[in-house]
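One-letter residues, chain by chain:
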Amino acid sequence: MDFSSVAAISTPYGRGAISVIRISGHDATDVLSRVFLPSSGKKITDYRAGQMIRGEVFSADGCIDDGMAVFFKAPHSYTGEDSAEIYCHGGILVSEEVLKAVFAAGASPAEAGEFTRRAFINGKLSLSEAEAVINTIDAETRDKLDLARSHRKGVLSRKIDSIYSSLLSLVSSAYVFADYPDEDLSDISSEEMVEKLKEILSDIKNLAATYKAGKAINEGIYTVIAGRPNTGKSSLLNLILGSDRAIVSDTAGTTRDSIEESASVGRIMLRLCDTAGIREGSDEIEKLGIERSISALEKAELVIAVFDGSQEKTEEDEKVLEIVSKLSCAKIALINKCDLERKLVLDTSAFDKTLEISAKYTESTEKLTKEIESLFIEGEIDYNSDAIVASARQRASLDRAAEAVENAIDALEAGYTPDVAGLDIESAMGALGEIDGRAVSEDIVKDIFGRFCVGK
């Protein structure tokens, strides 16, 4: 990677109190010196690193603005290399003019996420810690913010390090046997190695299992609200969102297409899809909406099937039950309109949860929240100590590591020598190494940092 200086505006584009222009690279201090003149008349290098300096920003055309600046020396900076920041007034034009001056002084435009990417490459952040930076910026719920903070503090990284170190100890013993088979120098027998590998496998699988909660908190759950017309699906959507997003009407077929929104439900983020009522459509447009409803159900991670408790079961209710019962995702049967006389008799054995509410009343939100949370999160999470997997990439690496450890166990139990199992143990270490960037492809790195904004 080219470590010459790059620069970008790191504050949101627009009008504000201040704007921050960030510079990072081996000649960042020189770039700053070419555009920023301290009010004291001293040189930039006369100040100590980390000290705020009052002064003016200049270009070839003269003074642009007055403000503050600071520089940091490697490795004591966010990126791990020399870096500097200029704080000017927060107007669009003045920010752009200062950035142009910085470019003219020798810096190049930074790409999306380049500052954090340099921090990762320079060893200031692990890959999971770097991912947590963008998750912090994107956080929409308090729990997602807490989970991102946990990853930035290295809670997940330390757990991965612990498992990795245990595997490293075993593979070292395996290769001692390979190098000196007649000397009996290995400090662990094949039987003991199998037992330790089984303990490690349990640790890996337990960590991978946390993705269920981590995904619900970090990425959100694709949730489909389904049912026949007029059961209160749109009322439920509005209840969860806390606003009148969907039109509520007694006329069947009012919702003719899918409506998608995101909402936090307790500790979980739901990516909600309110679908057209499932029935024999009365026109081509409604039929198309119903087809989309069924397609959404096939992709759902959680289905909330809404039934009208004040009416007897219909053929359309049976159709909903038939479709939903075939799905492998989490399912809630929601009996709506419980404030009215109950007439519905329904077999909900195919569902994980059955809940009676009235979507007209906000008190129902608490009951629904409790049931949804229980499907994805077991108990309380201590973000200061509990390692939680938060991305599909991390989960996939753990699955590959678990498979490799299982292969190592199978090899030893089949009577192969420890050095043969060592190859699988190395594969497991490689998979774990991908989580924190010990061994990761350039494509994965580009994908992760491509989600960042410019300037971070």
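Anything mentioned here points back to the structure above.
This text gives an overview of the structure that appears in the document.

In this section: the side chain of Ser5. With respect to the helices and strands, the residue Ser5 is situated in the segment before strand E1 (6–9). In this structure the side chain of Ser5 is engaged in a polar contact, spanning 2.4 Å, whose partner is the side chain of Asp27. When near neighbours in sequence (up to four residues on either side) are disregarded, Ser5 contacts Ile23, Ser24, Gly25, His26, Asp27, Ala28, Val31, Gly106, Ala107 and Ser108.

Below, the discussion takes up the packing of aromatic side chains. All told, the structure shown has 3 aromatic pairs when counted by the stated rule. Ring plane angle 85° and centroid distance 6.3 Å describe the contact between Phe307 and Phe351, whose orientation is recorded as edge-to-face. Remark: Phe351 occurs in the loop between strand E12 (330–336) and strand E13 (353–356) and Phe307 occurs in strand E11 (residues 302–308); sequence separation between them is 44 residues. For the pair Phe307 and Phe351, one class covers both residues: buried.

With that settled, the discussion passes to the pairing of E12. Among the 7 residues in E12, 7 count as buried, and that is most of the element. Residue alternation in E12 divides its side chains into two sets, Ala330, Ile332, Leu334 and Asn336 and Lys331, Ala333 and Ile335, and both sets are buried. This β-α-β element, E11 to helix H11 (residues 315–325) to E12, shows right-handed connectivity. Sheet topology note: the E12/E13 ladder contains 4 bridges and is parallel. Looking at E13, one finds that Ile335 is bridged to Glu356.

Here Arg117 lies in helix H3 (residues 114–121). In contact with Arg117, other than residues within four places in its own chain, are Glu442, Val445 and Phe449.

With that settled, consider the packing of helix H5 (residues 142–152) against helix H8 (residues 211–218). Between H5 and H8, whose axes approach to 8 Å, the crossing angle comes to 120°. Our classification of the angle between H5 and H8 gives oblique. Contact residues: H5 offers Asp143, Lys144 and Leu147, while H8 offers Gly214, Ile217 and Asn218. Per-class residue counts for the contact of H5 with H8 are 2 nonpolar, 2 polar and 2 charged.

Applying the stated criterion across every chain, the model contains 1 cavity of 30 Å³ or more. Of the voids in this model, the largest cavity is the one considered here, and its volume is about 30 Å³. Around the largest cavity, the lining residues are Ala132, Asn135, Leu147, Ala148, His151, Asn218 and Ala390. The set of elements that each furnish at least two residues to the lining of the largest cavity consists of helix H4 (127–138) and H5.

Read across the sheet, 7 strands follow the order E3-E4-E5-E6-E2-E1-E7 without closing on themselves; strand pairing throughout is mixed. Each edge of the open sheet carries a strand with a single partner, namely strand E3 (36–38) and strand E7 (108–109). As paired strands, strand E2 (residues 16–24) and strand E6 (residues 83–90) are joined by 8 bridges and run antiparallel to one another. The residue bridging Ile18 from the neighbouring strand is His89, located in E6. Across the sheet, H3 lies against E1, E2 and E7, angled at about 135° from E1, the strand it touches most.

Rules behind the numbers
- Residues numbered from 1 in each chain as written.
- Predicted model: local features only at pLDDT ≥ 70, side-chain atom pairs only at ≥ 80, totals over all residues.
- Heavy atoms only, no water.
- Helix = DSSP H or I, 4+ residues; strand = E, 2+ residues; numbered from the N terminus.
- Polar contact = N/O pair within 3.5 Å; in protein donor to acceptor, adjacent residues only side chain to side chain.
- Contact = heavy atoms within 4.5 Å.
- Phe/Tyr/Trp six-rings, centres within 6.5 Å; stacked < 30°, edge-to-face > 60°.
- Buried < 20%, exposed > 50% of the residue type's maximum accessible area, 1.4 Å probe, protein only.
- Right-handed = clockwise from strand over helix to strand, strands pointing away.
- Pairing = 2+ DSSP bridges.
- Axes fitted to C-alpha atoms, helices over the stretch in contact; angles between N-to-C directions.
- Parallel < 35°, antiparallel > 145°, perpendicular 65-115°, else oblique.
- Nonpolar A, V, L, I, M, F, W, Y, C, P; charged D, E, K, R; others polar.
- 1 Å grid on protein atoms, 1.4 Å probe; cavity = no way out; pocket = protein on both sides within 12 Å on 5 of 7 lines; lining within 4 Å.
- Points joined across faces, edges and corners; volume = space filled by probe spheres on them.

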